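Coordinate analysis (summary)
Here's the letter readout for the chains.
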Amino acid sequence: MTQATNQKLSITAALGSSDIASGVMGCMLKTENHVNSCGIDLTLLELIRYRVSLINGCAYCIDMHFKEALAAGETAQRMTSLSIWREAPYYTDKERVVLNWAEALTDLPHAGLTHEENRLVEATKALKDYFSAKEISELTLVVIQINAWNRLAKTFDFGVGSFQVTN
């Protein structure tokens with residue numbers, strides 16, 4: 001195997017997690033603390049984080065949130081089925097609404113914002129059956145936050161597979 005094939009084929013070969021500016025990491029951790037204490041059920045948070053990480057192909061976050069969800073009491077069956085949640089019978093209507101909305105919010109370039117029946121508008125309307133405006137804003141921040149973490153983890157080497165759950 002040549003040296004070129006041994007190297008990672010991404011920017012992560014040149015940037016490690018320690019290269020993230022302290023101000024950036026401080027903002028991310030402050031937001032993370034808010035998200036974790038905003039009152040949204042931990043298992044729902046982990047379902048969102050895992051599904052968005054699957055969409056973004058973030059190996060570090062997929063590994064992390066799978067482990068954290070299991071530690072929070074989620075089942076392996078539900079976690080491994082999140083990519084096919086529409087067909088799987090073991091998600092509640094509330095979880096389905098949240099997962100649909102998280103996907104639409106993560107996939108904004110394809111969701112569009114002008115057509116009356118676009119996916120994001122419909123998904124947001126469906127949330128109102130289960131959540132208050134305040135809770136929807138908190139859920140929005142959850143999706144924003146995990147999308148941001150995915151992008152940081154894919155840009156800076158976080159060490160895929162190295163995450164350990166702490167209690």
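See the structure printed just above.
Figured I'd write up the structure that's included with this text.

Criteria and cut-off values
Residues numbered from 1 in each chain as written. Predicted model: local features only at pLDDT ≥ 70, side-chain atom pairs only at ≥ 80, totals over all residues. Heavy atoms only, no water. 1 Å grid on protein atoms, 1.4 Å probe; cavity = no way out; pocket = protein on both sides within 12 Å on 5 of 7 lines; lining within 4 Å. Points joined across faces, edges and corners; volume = space filled by probe spheres on them. Helix = DSSP H or I, 4+ residues; strand = E, 2+ residues; numbered from the N terminus. Nonpolar A, V, L, I, M, F, W, Y, C, P; charged D, E, K, R; others polar. Axes fitted to C-alpha atoms, helices over the stretch in contact; angles between N-to-C directions. Left-handed = near helix turned anticlockwise from the far one by under 90°. Contact = heavy atoms within 4.5 Å.

A few words now on empty space enclosed by the protein. The full count for this structure, using the stated rule, is one cavity of 30 Å³ or more. Its boundaries defined by the atoms lining it, the largest cavity holds a volume of some 40 Å³. The wall of the largest cavity is formed by E32, V35, R49, H65, V142, Q145, I146 and W149. Of all the secondary-structure elements, those providing two or more residues to the lining of the largest cavity are α2 (22-36) and α9 (133-155). Counted by class, the lining of the largest cavity contains four nonpolar, two polar and two charged residues.

It is worth spelling out the packing of helix α3 (residues 42-56) against helix α6 (residues 93-106) at this point. Close contact between α3 and α6 brings their axes to 10 Å; oriented N to C, the two are set at 35°. As α3 packs across α6, the resulting crossing turns out to be right-handed. Facing α3, whose interface residues are L44, L47, I48, R51, V52, I55 and N56, α6 presents E95, V98, L99, A102, E103 and T106. In the contact of α3 with α6, the residues fall into eight nonpolar, two polar and three charged.

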